[in-house]
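Spelled out, the chains give:
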Amino acid sequence: SLFLQASEKTSASDFTPLVTSKINMQFISQLFTVVFRTFVNTFIQFKKPIIAAVNGPAIGLGASILPLCDVIWANEKAWFQTPYTIFGQTPDACSSVTFPLIMGVASANEMLLSGRKLTAQEACAKGLVSQVLWPGTFTQEVMARIKELVSCNSVVLRESKALVRNINRAALEQANERECEALKRVWGSPQGMDSILKYLQKKIDEF
Amino acid sequence: SLFLQASEKTSASDFTPLVTSKINMQFISQLFTVVFRTFVNTFIQFKKPIIAAVNGPAIGLGASILPLCDVIWANEKAWFQTPYTIFGQTPDACSSVTFPLIMGVASANEMLLSGRKLTAQEACAKGLVSQVLWPGTFTQEVMARIKELVSCNSVVLRESKALVRNINRAALEQANERECEALKRVWGSPQGMDSILKYLQKKIDEF
Amino acid sequence: SLFLQASEKTSASDFTPLVTSKINMQFISQLFTVVFRTFVNTFIQFKKPIIAAVNGPAIGLGASILPLCDVIWANEKAWFQTPYTIFGQTPDACSSVTFPLIMGVASANEMLLSGRKLTAQEACAKGLVSQVLWPGTFTQEVMARIKELVSCNSVVLRESKALVRNINRAALEQANERECEALKRVWGSPQGMDSILKYLQKKIDEF
């Protein structure tokens, strides 16, 4: 199984050194679209169960990718936020489709449009997370559960995942495509580029 | 953005003076079907985010239309009910499709078939409402949040809404069509007209 | 209306006396596939509302069939578990499709892959159950509610159910077909048969 562990806060601001001019930005926009599309499709098409263990803040892609994982355990201290509109971005990792399916449009839009931050407990109540585990024993708990899951018949696990996922695969691939096209349009517009640059500048200043 | 505020209780009973004879009823049934179809399609096809602030009881259409809005804030005192079967009506505003998607068939049917009343907190837990706000500061809170949302890049807001909604638009339009046809059939049947007239008579007597 | 009452614990282990040899197993595997397909399709295609009252543990098919019912009331002492992978089985009764739709993929997979047990309250919070009722008055409460539902216009009930269900009927029939094919493959493989036999042997030894 693929194992994701977000132990450190990661967000778009990690890429700030790359953004020094509008020329770079154009290049990054195109690069990002291709990288995103492939990255997200890898999750959509992965045949074995994907377990995600969220140990800290999951922001942007770190949160939006979770519904493409199969079981998601979160540390009680973890939190989840997709503040796309704030830095002038549109939803990614199929979150425009998966979030409404999981939590309903009303809650999904609070995250996608208003950038609302969810605690681990809230994310669990809304169905984004399978279960919340205590910080003290998080890693041990996760490892014990993975061991248990791995002890199951692998044919059964693979067949079960295929049954759950295959029905939506084409719809998710199309959603990914539409989201990447929207990102390209937004990143390509002067207004879009300005909001990202302003956001990044603010982050650099804070730093 | 379109802004809905339900400050006063509204329901089918507001139309009681119109219902004085079976001839009127037939006319109203046909009128309602056309008005409903257009009204609901306007919500389905609206391109900017729709914010709903529910300040009091949302009954029937006032509750069923909410999933076609994008962000829904509710006053703690608000409540939600779709007692369709009680007055011999079938679901409207695509609630036959949106309610099961949001809260699962078991909860959706308790509302649609058994007419169960949800408190604001219950509606939020089930995903019908984005967040519950305190009565004392409800309007200020809502206005502050709308201001924040409006400050976002409008291209991004519109693209985000399109990503979330376009995938379901055709299915919702078809659901609206099917629901209007069912309403016409129910309203057109003697049994259906009788239950509505009985319900309305009861309401007039109570009044 | 069809009325389901699970008053006693039922699970695959009830069939242990039948499983005495691998030859029997092969026969049972084929028989089960046919019986399952028909049984599940009967629920998918049933035109009147189906009420389920869950009075005790609902395990395997007893839990997975619930989303094909229309209103589900659970005794506070009831619990819900689909430990398929533990005894080498894949999901049935369309749960590979209905569970993710109702509770999101993260929670669905905890039940379907990890075999997590839900209390009645948890099942209700996740949308699998309409409402949890107190043990002392469970049967009276259920009967009172059914009486109320039955007093509604039957044309309206049938039309309402058709609106909620018809949109998904073909998808559910296909899901049932895919699940039965997967069960046949799993039951037909030596690995699959071994895990079932081991599981059943363990149950017989416990007994």
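Conventions and cut-offs
- Residues numbered from 1 in each chain as written.
- Chains lettered and ligands numbered in written order.
- Predicted model: local features only at pLDDT ≥ 70, side-chain atom pairs only at ≥ 80, totals over all residues.
- Heavy atoms only, no water.
- Salt bridge = Lys/Arg side-chain N within 4 Å of Asp/Glu carboxyl O.
- Helix = DSSP H or I, 4+ residues; strand = E, 2+ residues; numbered from the N terminus.
- Least-squares fit on C-alpha atoms with pLDDT ≥ 70 in both.
- Contact = heavy atoms within 4.5 Å.
- Pairing = 2+ DSSP bridges.
- Buried area = accessible area lost by both parts, 1.4 Å probe.
- Buried < 20%, exposed > 50% of the residue type's maximum accessible area, 1.4 Å probe, protein only.
- Polar contact = N/O pair within 3.5 Å; in protein donor to acceptor, adjacent residues only side chain to side chain.
- Expected span 1.5 Å × (residues − 1).
- Bend = angle between axes of the 7 residues up to and from the residue.

Labelled according to an unreviewed UniProt entry, chain A appears under the name Chromodomain Y-like protein, originating from Sinocyclocheilus grahami.

K.L.:
Please explain the pattern of salt bridges as it appears in this structure.
P.N.:
If the charged atoms of two oppositely charged side chains come close together, the side chains can form a pair. All names here are of chain A. This model, assessed by the stated rule, comprises 30 salt bridges over all chains. Between E177 and R37 there is a salt bridge, with its nearest N and O atoms 3.1 Å apart. Here R37 lies in helix α1 (residues 22-45) and E177 lies in helix α6 (residues 154-188), a separation of 140 residues in the sequence. Its salt-bridge partner being D70, residue K161 comes within 2.6 Å of it at the nearest N-O pair. Here D70 lies in the loop between α2 (61-64) and β4 (71-75) and K161 lies in helix α6, a separation of 91 residues in the sequence.

K.L.:
Where do I start with the relation of the copies chain A and chain C in this structure?
P.N.:
The relation between the two chain copies is a rotation about an axis coupled with a shift along that axis. The two copies are related by a screw motion: chain A maps onto chain C through a turn of 120° and a shift of 0.0 Å along the axis, at an RMSD of 0.0 Å. Here the two chains are linked by the operation of a three-fold rotation axis. Using C-alpha coordinates, one finds that chain A approaches the rotation axis most closely at A:L101, a distance of 4.0 Å. Looking at chain A, a mere 4% of its interface residues are interface residues in chain C too, so the copies touch through different faces.

K.L.:
I would appreciate a short explanation of the sheet that holds strand β6 (residues 118-119) of chain C in the present structure.
P.N.:
Strand pairing in a sheet is mediated by backbone hydrogen bonds. Such pairs are either parallel or antiparallel. All names here are of chain C. Strands sit in the order β3-β5-β6 across an open sheet of 3 strands; the sheet is mixed. Pairing within the sheet leaves two strands with one partner each, and these edge strands are β3 (58-59) and β6. Alignment of β3 against strand β5 (residues 79-81), held across 2 bridges, turns out to be parallel. Pairing of I59 across the sheet is with Q81, part of β5.

K.L.:
What exactly am I supposed to notice about the interface of chain B and chain C here?
P.N.:
Interface size, as often reported, equals the accessible area lost upon joining of the parts. Tallying the contact residues gives 29 residues for chain B and 27 residues for chain C. Summed over both partners, the interface of chain B with chain C comes to about 2,300 Å²; 61% of that surface belongs to carbon and sulfur atoms. When residues of chain B are sorted by the area they lose upon contact with chain C, B:A106, B:E110 and B:L113 head the list and together hold 23% of the total. Inspection of the region where chain B meets chain C yields 2 salt bridges. Between B:R185 and C:E159 there is a salt bridge, and its shortest N-O distance comes to 2.7 Å.

K.L.:
Can you walk me through the relation of the copies chain B and chain C in this structure?
P.N.:
Structural alignment of chain B on chain C gives an RMSD of 0.0 Å, achieved by rotating through 120° and translating 0.0 Å along the axis. Both copies present different contact surfaces, since only 3% of the interface residues of chain B are interface residues in chain C too.

K.L.:
Hey, could you run me through unusual backbone geometry in this one?
P.N.:
Most peptide bonds take the trans configuration, and most residues that are not glycine carry a negative phi. Although it is not a glycine, A:C94 adopts a positive phi angle of roughly 70°. Look at C:A93: it is not a glycine, yet its phi comes out positive at around 55°. Looking at where C:A93 falls in the secondary structure, it is placed in the loop between β5 and α3 (95-112). For C:A93, a relative accessible area of 1% puts it in the buried group.

K.L.:
Honestly, the interface of chain A and chain C in this entry has me stumped. Any pointers?
P.N.:
Contacts between chain A and chain C engage 27 residues on the former and 29 residues on the latter. Our enumeration of links across chain A and chain C arrives at 2 salt bridges. In this structure, the salt-bridge partner of A:R145 is C:E110, at a minimum N-O distance of 3.8 Å. Where chain A meets chain C, there are 5 residue pairs in polar contact (both at pLDDT 80 or more). Contributing elements (two or more residues each) for the side of chain A that touches chain C: β4, α3 (95-112), α5 (138-150) and α6 of chain A.

K.L.:
How should I be thinking about helix α6 (residues 154-188) of chain B in this particular structure?
P.N.:
An α-helical turn contains 3.6 residues, so a residue and the one three or four places further along point in the same direction. All names here are of chain B. Between its first and last C-alpha, α6 extends only 45 Å over 35 residues, short of the 51 Å set by a 1.5 Å rise per residue. At R169, α6 shows its largest bend, some 50°. Of the residues flanking the start of α6, the one acting as N-cap is N153, its side-chain oxygen 2.9 Å from the backbone nitrogen of V155.

K.L.:
What is the right way to look at the side chain of A:E110 in this model?
P.N.:
Residue position: A:E110 is located in helix α3. For A:E110, a relative accessible area of 2% puts it in the buried group. Look past the residues within four positions of A:E110 in its chain and what remains in contact with it is A:G115, A:R116, B:V71, B:W73, B:S130, B:Q131 and B:R145.

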